[in-house]
Each structure stands twice: as structure tokens, then as C-alpha cells.
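Take a look at the letters that make up each chain.
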Amino acid sequence: MTHQPRDIVVFDGDCGLCNGFVAWLIRHDRDRRFLIAGSAGAVGRAALDAMDLAPEVAASTLVIATPSGPHLRSDAVATVASRLGWPWRGGAAISWVPRGLRDGVYAAVAARRPRRPANDPACGTPPGELVTEWRARLATTEDVEAIVAASPGRHRSP
């Protein structure tokens, strides 16, 4: 039996910018709409596989796994913004900018992002005050299966 799917943010746990984004998301996603999965862990790899994406994609790209398919790069940022409260929801306006331009900016930032070793390759390194909430937001294979079940025929089972 599957449960109601929540979108899964798949991120590079060795990336300081990615870990910072996930910490920011946890602080601002008060309705707990998003789960998280490090791309190096089994759940992150299963989510990427279910979205028909190569594992290498998450080494430089934020991925949101959803029942309607994956959202990548600036589309992922706009997806997150659109589902948060104000004022963050206003950030979804970036989707009005042509994708080539906004993804170019995304790529330029990603190329200069700080790399750091993660203590736990499955989920990155949470700030001390967020450890409990970070762990509570970790996606499971059941969460990936729920996304797949909500979109029959679109994605592969993990």
C-alpha cells in the first residue's frame, strides 16, 4: 500500500550550497511539503532512477522528484518557491524569465559552489539546530514508491 506522495528534493550532500539550501528549505517549509534525499544515498539514487535520470545529474543539479516528473535546476528552485508561504512564494516569478537565461545563471553559480565532505553521504550535514527536523524529513523508498504510484506509466519503480 502506498501513501500520499510528497515531493522529494534530491541534492548533493557534499555541496555546501546545496546543504545550505536544504537547511533554508527546512526552516521555511512549515507545512512540510518537501522531503529530502542526498544523491549519494540509496533513496536519492532510487528517486533519480524513478525519474529516469542518471545519478551524475544530482552532482551539479538540484532535482525535485514529483508525480508529474522531475524539476531540474532553476525549475526546481521555482517549484520550491511556489509551494512556500510569502514572501518566498514570490521567488516563483523566476519562471517568467526564459529558461536558458535562468539555467545559465544557475550553472554559473553551481560551477562556483563550495564543496565539502559530508559526514553522512546519504543526507549531507545538517546544522546542529536542525538535526532532528532534517532527519524527520529524510525520504524513504516508500516515499519514492508513492511518487511512482501517483504517476502510473511515467516513471520506474525503485
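*Asks:* It is not clear to me how the nonpolar core should be interpreted in this structure. Could you clarify?
*Replies:* Val9, Phe11, Val22, Ile36, Leu62, Val80 and Trp134 are the most contacted members of the largest nonpolar core, which has 20 residues in total. Residue assignment for this core shows that the elements contributing at least two residues are strand E1 (7-11), helix H1 (16-28), strand E2 (34-38), helix H3 (73-82) and helix H4 (99-111). Tallying contributions element by element places H1 first for this core, with 6 residues. Counting residues in hydrophobic clusters, the runner-up holds 18 residues, among them Val10, Leu48, Met51 and Ile147.

*Asks:* Where do I start with the environment of Val144 in this structure?
*Replies:* Within the secondary structure, Val144 is located in helix H6 (residues 141-149). With a relative accessible area of 2%, Val144 lands in the buried category. Distance from Val144 to Met51, taken between C-alpha atoms, is 9.7 Å for residues 93 residues apart in sequence.

The rules behind these values
Residues numbered from 1 in each chain as written. Predicted model: local features only at pLDDT ≥ 70, side-chain atom pairs only at ≥ 80, totals over all residues. Heavy atoms only, no water. Core = buried A, V, L, I, M, F, W, Y, C linked by side-chain atoms within 4.5 Å. Buried < 20%, exposed > 50% of the residue type's maximum accessible area, 1.4 Å probe, protein only. Helix = DSSP H or I, 4+ residues; strand = E, 2+ residues; numbered from the N terminus.

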